[in-house]
Amino acid sequence: MPCPKGSPKFAGPRRVQPIPDLLRKEWAGAQDIDQAKTGTKATWLCSVCGHRWVVSLSQRLTGRGCQRCARAATRLNIPAE
């Protein structure tokens, strides 16, 4: 009989992809980034503007970054070519 997906038989490493160097540099969580679970929220420190914010490791791995830098990028007046 097959085991359901929530069973311990399927429990394994949650993180498949490696953690990029930029995320390691911006990590400001209480524990080591390699020991952190992907769904746990942690503090991050932007290496560009110094802004601190709280978001989960999984959201950072999918591309979510500093909100302040993202807003600043949308305010730039870049002329169309």
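The rules behind the values
Residues numbered from 1 in each chain as written. Predicted model: local features only at pLDDT ≥ 70, side-chain atom pairs only at ≥ 80, totals over all residues. Heavy atoms only, no water. Pairing = 2+ DSSP bridges. Helix = DSSP H or I, 4+ residues; strand = E, 2+ residues; numbered from the N terminus. Salt bridge = Lys/Arg side-chain N within 4 Å of Asp/Glu carboxyl O. Buried < 20%, exposed > 50% of the residue type's maximum accessible area, 1.4 Å probe, protein only. Phe/Tyr/Trp six-rings, centres within 6.5 Å; stacked < 30°, edge-to-face > 60°. Lys NZ or Arg CZ within 6 Å of the ring centre and 35° of its normal. Polar contact = N/O pair within 3.5 Å; in protein donor to acceptor, adjacent residues only side chain to side chain. Contact = heavy atoms within 4.5 Å. pLDDT = per-residue confidence, 0-100.

1. Things to note about the pairing of strand E2 (residues 52-56)
Point 1. Of the strand pairs in this sheet, strand E1 (residues 41-45) and E2 are connected by 5 bridges, and their pairing is antiparallel. Residue Thr43 lies in a different strand from E2, and its bridge partner there is Val54.
Point 2. Hairpin geometry of E1 and E2 is characterised by an intervening segment of 6 residues between the two adjacent antiparallel strands and by a positive phi of about 85° at Gly50.

2. What to know about the pattern of salt bridges
Point 1. In this structure the tally under the stated criterion is 2 salt bridges.
Point 2. With a shortest N-O distance of 3.0 Å, Arg24 and Asp34 are connected by a salt bridge. Here the residue Arg24 occupies a position in helix H1 (residues 21-26), and Asp34 occupies one in the loop between H1 and E1, the gap between them amounting to 10 residues.
Point 3. The class of Asp34 is partly exposed, set by a relative accessible area of 38%.
Point 4. Put simply, Arg60 and Glu26 hold a salt bridge, and the shortest N to O gap is 2.9 Å. One end of the pair, Arg60, is in helix H2 (residues 57-61); the other, Glu26, is in helix H1, with 34 residues separating them in the sequence.
Point 5. For Arg60, a relative accessible area of 8% translates into the label buried.

3. Focus: the packing of aromatic side chains
Point 1. Applying the stated criterion across every chain, the model contains 1 aromatic pair.
Point 2. For the cation-ring pair, Arg60 lies above Trp44, with the distance from its terminal atom to the ring centre recorded as 4.8 Å.

4. What to know about the side chain of Glu26
Point 1. Assessed through its relative accessible area of 5%, Glu26 is described here as buried.
Point 2. Only 3.0 Å separates the side chain of Glu26 from the side chain of Ser47, close enough to count as a polar contact.
Point 3. Residue contacts for Glu26: discarding those within four places in its chain leaves Thr43, Trp44, Leu45, Cys46, Ser47, Trp53 and Arg60.

5. Focus: the confidence of the model for the protein
Point 1. Per-residue pLDDT for the protein averages 81, and the proportion of residues at 70 or more is 74%.
Point 2. For the protein, per-element mean pLDDT is lowest for helix H3 (residues 67-75), which scores 87, and highest for E2, which scores 95.

6. Brief notes about the side chain of Ser56
Point 1. Considering the arrangement of structural elements, one finds Ser56 in strand E2.
Point 2. With a relative accessible area of 5%, Ser56 lands in the buried category.
Point 3. A polar contact of 3.1 Å, which involves the side chain of Ser56, links it to the side chain of Ser58.
Point 4. With near-sequence residues (within four places) excluded, Ser56 lies in contact with Thr38, Gly39, Thr40, Lys41 and Trp44.

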